[in-house]
Amino acid sequence: MKKFDLKAKRPLIIAGPCSAETEEQTIETCVQIANTGMVDVLRAGIWKPRTKPGSFEGVGLKGLAWMNKVREITGLPIGTEVATAAHARAALEFGVDVLWIGARTTGNPFSVQEIADAIKGSDVTVLVKNPMNPDIDLWGGAVARLQNVGINKIGLIHRGFSVYGTSRYRNNPLWHLAIEMRSRFPEMPMICDPSHIAGNREYLHEIAQKSADLFYDGLIVESHICPDKAWSDAAQQVVPEELKKLLSSIIWRQSTTDNPEYQKALDKLRTEIDQIDDELFQLLSKRMQVAENIGRVKRENNVAILQGGRWNSIVEKVVSQSKKLGLSEEFLKVVLEAIHIESINRQNKVMNE
Ligand code: PEP
Ligand code: MN
């Protein structure tokens, strides 16, 4: 079988069960997935880092033998998660085409370094999931550890970040962090993991479509022949038939188009945006000069800068117009907060001149 090429196809689709549970379940699931004709790599977790002891922690080595059978039957490359140097060595011995480093492992530099040292000299493809916490330096650090030992077939998986309490999704996507990571490593494919972001099959489509809209390079999706009976991540898995429907419904965007009408329309809108930005920042500059004048008046009268009541009423007034402005409350609050910080800094400066 020829070496797997991470960049050969866009979108790259990886799918398979969260965990290999039994030989039958692994092979049956993967064969059905392969038969959709829409998947490039088959995945299954063999070693599962679980939150609490006593949960199903994966079948271990025998799962690799099942995945090898899957590769023989389907002709598709296979991938699994590695969390220790021993896992990585075992996976290489079995000729696994794609390794991925899970979110819990990416956050641990010692583990990543151990894995990097164990696969040094191989030309295996490695996908690095974002860490649980929203720290892209840590994510980038894991990539650098692999690069430092000469691994150069690296891709990124965006699987969202831990949240405290309840939220719509199991993990918070924080799309802007993945976008920032992408600009730090522009040559690396960015793959979205809607299954772990969603935590629930109901939300897979909206997340996958958003990643396609953001020009991601592919998806990794969990699928199981009998999702509700899955030994791990039951709520987020879909049967292979559902996976096929999901994948067929995603519209993948192109990076650009030659259509001259598109270029004309875009140029016009961009000119408008540039003009508005100009006006916006002129106004902000004026606003800050007024803030400085307020600082001077307060200084002359020996009055403190912070007057909580006044600021709260500004926020209330602006936020109450949220609907009329067509801007979300969340956005207005972030903008006001930035203005407030700068305004305080400017008043502070003149206060102590
Ligand atoms: C997985 O892909 O099955 C997995 C455990 O993912 P994560 O590391 O993103 O939790
Ligand atoms: Mn999973």
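It should be noted that the structure appears before, not after, this text.
The text that follows walks through the structure, step by step, so that each part is easy to find. It should be emphasised that the depicted structure is a prediction, and the values quoted were computed from it without experimental measurement.

The rules behind each value
- Residues numbered from 1 in each chain as written.
- Chains lettered and ligands numbered in written order.
- Predicted model: local features only at pLDDT ≥ 70, side-chain atom pairs only at ≥ 80, totals over all residues.
- Heavy atoms only, no water.
- Near = heavy atom within 4 Å.
- Polar contact = N/O pair within 3.5 Å; in protein donor to acceptor, adjacent residues only side chain to side chain.
- Areas by Shrake-Rupley, 256 points an atom, 1.4 Å probe, with all protein chains shown as cover.
- Nonpolar A, V, L, I, M, F, W, Y, C, P; charged D, E, K, R; others polar.
- Core = buried A, V, L, I, M, F, W, Y, C linked by side-chain atoms within 4.5 Å.
- Buried < 20%, exposed > 50% of the residue type's maximum accessible area, 1.4 Å probe, protein only.
- Contact = heavy atoms within 4.5 Å.
- 1 Å grid on protein atoms, 1.4 Å probe; cavity = no way out; pocket = protein on both sides within 12 Å on 5 of 7 lines; lining within 4 Å.
- Points joined across faces, edges and corners; volume = space filled by probe spheres on them.
- Helix = DSSP H or I, 4+ residues; strand = E, 2+ residues; numbered from the N terminus.

Concerning the site of ligand 1
Residues in close proximity to ligand 1 include C18, R43, K48, E81, W100, G102, A103, R104, K129, R159, H196 and E222, which together make up its full environment. In the model, an oxygen atom of ligand 1 is placed 2.6 Å from a nitrogen or oxygen of the R159 side chain. Side-chain polar atom of E222 to an oxygen atom of ligand 1: 3.3 Å apart, as the coordinates give it. Coverage of ligand 1 by the protein chains reaches 96% of its 290 Å² of free accessible surface. Partitioned by chemical class, the residues of the shell around ligand 1 number three nonpolar, two polar and seven charged.

Focus: the nonpolar core
Counting residues in each nonpolar core, the largest one holds 69 residues, and the members touching the most others are I119 and L146. Filtering out sequence-adjacent residues up to four positions away, I119 remains in contact with A88, L92, L99, V124, V126, L146 and I151. By size, the runner-up hydrophobic cluster in this structure holds 11 residues, among which are F4, I14, V98 and L127.

Quick look at the layout of surface pockets
Reported here for the largest pocket is a volume of approximately 530 Å³. Together, 17 residues line the largest pocket, and L280, L284, L332, V335 and I339 are the ones closest to its centre. Elements represented by at least two residues in the lining of the largest pocket include exactly α11 (260-300), α12 (308-320) and α14 (329-351). Here the element with the most residues in the lining of the largest pocket is α14; it accounts for seven residues. Each residue belonging to the lining of the largest pocket can be placed in one class, and the counts come to 15 nonpolar, no polar and two charged. Here the second largest pocket is characterised by a volume of approximately 350 Å³. As for the second largest pocket, its lining consists of 15 residues, of which I294, R310, I314, S343 and Q347 are closest to the centre. For the lining of the second largest pocket, the secondary structure elements donating two or more residues are α11, α12 and α14. Broken down by element, the residue count for the lining of the second largest pocket peaks at five residues, all from α11.

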